[in-house]
Structures are given as C-alpha cells and as structure tokens.
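# Fold and geometry: a report
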Amino acid sequence: MAIPELALRQIERWCAQRVPEHLRDRLRVECRVRDGVVTIVELRTDDDSETGIAQLRFDEFGIWSMLRSDGRGGWLADPDAPVASTPPPLLSEI
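Presented here is an overview of the structure given in this document. Nothing here was measured: the structure is a model prediction, and the numbers come from that model. (Residues numbered from 1 in each chain as written. Predicted model: local features only at pLDDT ≥ 70, side-chain atom pairs only at ≥ 80, totals over all residues. Heavy atoms only, no water.)

### So, the sheet that holds strand E3 (residues 49-58)
Ordered in space as E1-E2-E3-E4-E5, the five strands form an open sheet in which the pairing is antiparallel. Unpaired on one side and paired on the other, strand E1 (27-34) and strand E5 (75-77) mark the two borders of the sheet. For this sheet the average axis-to-axis angle between neighbouring strands, irrespective of direction, equals 30°. Judged from the three bridges that link them, strand E4 (residues 64-69) and E5 form a sheet pairing that is antiparallel. Note on E5: the bridge partner recorded for Leu 67 is Ala 77. Docked against the sheet, helix H1 (residues 5-16) engages E1, strand E2 (37-44), E3 and E4, running at close to 160° with respect to E1. (Pairing = 2+ DSSP bridges. Helix = DSSP H or I, 4+ residues; strand = E, 2+ residues; numbered from the N terminus. Axes fitted to C-alpha atoms, helices over the stretch in contact; angles between N-to-C directions. Contact = heavy atoms within 4.5 Å.)

### Here's the deal with the nonpolar core
By size, the foremost hydrophobic cluster in this structure holds 20 residues, and its most contacted members are Ile 11, Cys 15, Cys 31, Val 38, Ile 40, Leu 56 and Trp 64. Contributing elements (two or more residues each) for this core: H1, E1, E2, E3, E4 and helix H2 (88-91). The greatest single-element share of this core, amounting to five residues, is contributed by H1. (Core = buried A, V, L, I, M, F, W, Y, C linked by side-chain atoms within 4.5 Å. Buried < 20%, exposed > 50% of the residue type's maximum accessible area, 1.4 Å probe, protein only.)

The values are spatial; any link to function lies outside them.
As structure tokens, this is what we get:
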C-alpha cells in the first residue's frame, strides 16, 4: 500500500525536529519507506551506526499502527500503542 504524501511529510517533519540543530552533524533521525512501512532510524556519524526506533505501518484500510524496536534488529508490537488514521498520534508515543 502506498504511503499518502501528506502522511510521509508529517513523519519527515517529525524526524527533522527530533535533533537540535547544533547536533545534526553527528546525529540524525530519518525515515525509510518500503511497502507501506515507514521505518524511523537514528543515525550517528561518529561511528556510522544506525539504530531502528520504530516502524509505522499503513494498511489497506487506511489505518496506521506502530511497532517498536526490540533492540536486536527486530520489531515488537506494543499493545498499548494506539492505531490511528494519521501518523501524529503514533509519533507522539515515540
């Protein structure tokens, strides 16, 4: 399922606001899109590491859900995470 353009812009804006400007040469939060899934990652330039933070999934019914990183490269459903018709309620949980 294709990610709606407005939703993707909301997620990208959220990512850009996570890191203060004076740290952006060393740390970034970005999103990657693939097959109806937006993966939010933290990138550190000092050691070229990338850490998954969360995945936002958009289903065929137009509903967003969220998975959290398990810290080992996998993803876990969070039973307390909301589902929503737009990304902002999920982003506020991260």
